[in-house]
Structures are given as structure tokens and as C-alpha cells.
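Notes for the structure review
Each chain, written out:
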Amino acid sequence: MKFLADLWVLFKRNIRASLRNKVWLFIGLFQPILYLLLFAPLLKGLANVPGFPQGGPYTVFTPGLLVMVAIFSTAYVGFGLVSEIRYGVVERMMVTPTRRLALLLGYVLRDIVVLLLQSLIVIAIAIPLGLTVNLLGLLATLGMMVLTGALMASFSYALALRVKDESSLASVLNLLSAPLLLLSGITLPLTLAPAVIRAIALANPFAYEVTGARSLFVGNFDNSAILIGIAYLALLAGLSFLWAARSFRRGTA
Amino acid sequence: MGIIDIRGLRKSYITRDRGYGPKSNGGAPRAAKARRGQVVVEAVKGIDLTVEQGEIFGFLGPNGAGKSTTLKMLATLLAPDGGSVHIAGFDVVAQPNEVRRRIGFVSQAGGTDREATGRENLTLQGRLYGLSAKEVAARIESLVVSLDLERILDRLGRTYSGGERRKLDLALGMVHSPAVLFLDEPTTGLDPVSRSQLWNQIRLLRAGGTTVFITTHYLDEADNLCDRIAIIDKGRIVAEGAPHELKGRVAGDVVSLSLNHVEDALAKAKELLQPEEFVREAIIDQDHLKLTVEKGEAALPAILRLLEGSGIGVVSIALSRPSLDDVFLHVTGHSLTEAERIAASPLGKWGGARS
């Protein structure tokens, strides 16, 4: 089938481009590693505070950090698309009989694979530092991260096709990133937050994801945040993907 | 029906009214879908055109005349607002994939991926056009020979010179051996050597039966390379034909005479030649007599014979033909170089990446 053949060709091409720029793969990891080394130790003193989740500081912090990686390593993929549009690469692919959906999916699948690669590196670093993780819980967390990656990458591509320049793209992403980060409980658990902030965070899908992932890491599959998080993320990822697909169909003109 | 058949093609853009600069739509009524603070720019205002198989057809006009917009519609990248385009008998809106298989398109930006080698670029493009891995490899071999790609094939795109990149851009548009090749401003920014090489490659394509449709704002490119051209200005075609035909339509050639310094020689010569049927106009311009004639080649011997018969000695005689810029001036009321100057000013042009 031509669609799958095209998708495979495009995916390989995108992966090759990403792996050729190994520097970027590691620049993307620089911040999470710093958090692991310089921030997670600060949580040691909080372990006995009421409301702090069960598990050691790394077991509590690493799931949040993975969600952060999922959001931010994929949120900026639109920049690559802007430069490919500028060089005519996207237009050149759009003038072939390939489906626009294959083009988009080729990019998004690459981003998800890169994200999983980065997550495994973060986990590999966190384990010797004191992370303990339930294997089944980790797999489920990676599943949530795939949804997060699909959501943010699609969003970033759709936005890139709309604004078509780096500075506008950067302003929108910067505008969104701070509230998303602060209202998700990534750095400190929301159980420590006042009721008002917790109420606002109820609207943030990533808050459920972080809470859910923490629960999954210690092997607690009962937490309602897990299912709510998965459903919420799947819905948003679907919408965001549809938006991106529509933007690709409209072309780059 | 030609290989490219365009009927009543139209396209408008809605852009934000920034409150400065000349309004490009010249007070056209605001379309229903445009909101307050937006202006409708009619980029293409009803184009009819037929391009025959195997010709090099040029679309000549200043920046912002609607050339690229038209080209994008022909290449299935942009949906027209009205009218129809058929390429090799297929409708670009209803059967885009049939059209895409038969056309190649090289945009102004090119299409060469900086982060991939020439071979990787070509392989990807060939596969997307549905060629098998084997077919692509064979096609690359033949393109390497015809476009002389040996030296760039296994280097990353970002190491290419401007001319090398243009060569790969062209190869990317030809990887599936299209019947029609669209080139948007192919030689903009190229050095003279690369430019003439590209012209030769385009001529070779024509020799192989490919139809080549190029846009250009260079008069010499339209004149020397194209079999036929259409002059486009402000979204309309204002003239169409072979370059020599178009130039023939402008009021004649100019013969410039310089005479032996005998008293009243210029005035006498003017008196003698003015009544002749082939002379439209005779003007004494300082120490020259300038005649506007219909057919320069035919007029020259006649002029010489008449002057010799009256004993007026000719020192020099020069024949100059009207240029395409004279044609442009004639049909639009402004010269192309002037339009270019306006378009290049910061307020006269919007967007558009030129690399």
C-alpha cells in the first residue's frame, strides 16, 4: 500500500535527520538531567511533610520529569518544520502524489520515537540515583507519554503552519509553557498546593498525567487520575492531530 | 487543447490592512468573507492561457504580479477561487494526483534538504513519486550524467554553492521524468555561469520533449530562453506571443544615421526620407537623424539607396530593435524595471522567502 510505504520512507528520512543531529538529542536532555542532579535532592527534606506522595524523592520526582520531557521535547518540533518550509522542502514533498497525512504522521512518529529514547535515558540515569519503579507502571506511563508527544507535536506543527516564522512560534509556546508547568505538579506535588491552585489544575490534563504517573511508578493502579489522564490526553491528542492534519491539507501557501 | 490549458483562473488573498502603503486592490469591493480591517488582494484576476507540448513558456512580470500564485495553482499547491486548469487533460482540482505524477515543480526556495545528501534527497523524492528503490537508483544514475551531479551527490545539501543547490533543485523536480516542468524564478540569485548552464539544461529538456513553464522577471531570460511568453501585470495577462512577435508589435525599429558634415545634410535627409511609406517618424536628435521604421532590415538598404542618390554621404548607420522592456512599457504603460524598483521598496512588497 502506497500510504504505508510512503510513511515508512518519510519516517526513515526524519529519523535519520534527527540522529544526524545528535547534539540536539542531548541538548534536549540537558535540562532534565540538571533537574535530576540539582533539584530532586532538594525534595529529600520534604519526604515527611504531610501531603507528600509515597516513595523516595527520585521515585516522586522522576515521573513528573518524564512528563516535562514529553511536553517540552515535542513542543518545539514546529521550529524544524518552519525551516523546512522556508527551504521549500515541505512544498517539494506536497507536490508529489503522497498523502498529506503520511507527511504529518512521518514527522509525529519520529518525534514520539525520539521522545521515548530520551525518556529511557532519563530513567537509566535516575535508577542509580535512587529511583524504584514498577515495570508495568512504567510501561503504562510511557503509553501516556506517547499521547502527550502526539498532542504537543501535532499542536506545534499546526501552529508552525499557521504562523510560519520562528519568533511568533516561540512567543506562543513560551506563553503556554509556564502555566502548564506550574499547574501540573511536575516540580512539587499539587497535594502540597492550596485549594485554589488545585482547583485550577483540575483543568490541566498534564496534572492528571503527573499524578497518574507517580501512582503507576509505585505500582498503584487504582488512582482515578490514571484513567482520567489517559482519556483527557487521548481526546486532546486526537483534536490536535486533526488540526494539524487540516493545516497540512491546506498546504503551505 | 494544449498540454496546459488555463481558463478564467482567479485567486484572491485576504490580508490584514496595515494602514500603510498603496492598496494593491485599488479600491475593489471587500469580499463577503473579509472582516473589518482586512483587505482582499486579487492576486490573479482571470487568466486564460494555452501552452503547447514541448515548448519553453515564460511568464514574465515584476515581483508581485501574480506569477508565483498562478504557478502554485498550476502545480496543485493552491486551490483556485475560480476558473479551471487542465494539465495533460487532467483537472488540477478534481484529479490532483494524476496531475502531480505528470508535473515537476521547483519553487523559488528550491527544495533541497540541507541536512541530507543529494542522493538521499533524490531517493526520497523518487520514492514519494512511487518509483521503486531500483527505479530511483537507475534514475539517479541518468540524472548524474545529464545534470553533472557527480560532485554533489554524496555531500550534505548545506555544503552546496548556490549553483550546485539549483542543480539539485532541478534534479528533484525531474526525478520522475515529468511531462511538464514548472520552474519558479529558476535563475534568481545565480551567477552568470550557473545561469547559462541552467538555460542549457532547460533547452536539453525541451529537446527531449518536456514542456517547461518558467516564471521570470528577467527580460533577457524571457527573450533568449523562451519560445513563447505571456506578460503578466497586476494579476492579468497583458500580452502573449513569441518574444520576436511581441517586439514586432511595438511601433517598429529605430534607425540612427550620422551623416557627412555638409551644411543642412540632416535637414535634407529628413526632408528626403520623411515622405517614404516605411518611415513612421523622423526626428533630428542632436547630430543624428532617428527614423522609426516598420521593418529595420528591409528599410536599411532603401535608406542607403535614397541617400546615395541625393549625394548625401553616410558616416554610420545603426539599427536598434525594441526590447521586451519596450513591449512591457507599451502594453502596461510602465516599464518593467520601474515596476521592479517599486516592488523592491519596503512598503511595496510583503512576505515571500527568497533564499
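As the structure is a prediction and not an experimental result, all values here were calculated from the model. (Residues numbered from 1 in each chain as written. Chains lettered and ligands numbered in written order. Predicted model: local features only at pLDDT ≥ 70, side-chain atom pairs only at ≥ 80, totals over all residues.)

**What about the sheet that holds strand S11 (residues 253–259) of chain B?**
All names here are of chain B. Sheet architecture is open: 4 strands sit in the order S12-S13-S11-S14, paired in antiparallel fashion. Edge positions in the sheet fall to strand S12 (279–285) and strand S14 (314–320), since each of these pairs with one other strand and no more. On average, each strand axis in the sheet is inclined to that of its neighbour by 20°, with strand direction left out of account. By the bridge criterion, 6 bridges tie S11 to S14 in an arrangement that is antiparallel. By the bridge assignment for S14, Val254 is matched with Ser320. Where helix H9 (residues 265–273) meets the sheet, its contacts fall on S11, S12 and strand S13 (288–293), and the angle it forms with S12 comes to roughly 170°. (Pairing = 2+ DSSP bridges. Helix = DSSP H or I, 4+ residues; strand = E, 2+ residues; numbered from the N terminus. Axes fitted to C-alpha atoms, helices over the stretch in contact; angles between N-to-C directions. Contact = placed C-beta atoms within 7 Å.)

**So, the interface of chain B and chain A**
Counting residues at the interface gives 27 residues for chain B, matched by 20 residues for chain A. Contributions of two or more residues to the side of chain B that touches chain A are made by helix H2 (96–102) and helix H3 (118–128) of chain B. Among the residues forming the side of chain B that touches chain A, the class breakdown is 11 nonpolar, 9 polar and 7 charged. (Nonpolar A, V, L, I, M, F, W, Y, C, P; charged D, E, K, R; others polar.)

**A short note on the sheet that holds strand S5 (residues 90–91) of chain B**
Residues and elements named next belong to chain B. If you trace the 4 strands from one edge of the open sheet to the other, you get S2-S1-S4-S5, paired in antiparallel fashion. Only two strands of the sheet have a single partner each, and these edge strands are strand S2 (38–51) and S5. Bridge count for strand S1 (residues 4–16) against S2 is 11 bridges, and the pairing is antiparallel. When the sheet's bridge partners are listed, Tyr13 is paired in S2 with Val41.

Shape is all these values report; function is a separate question.
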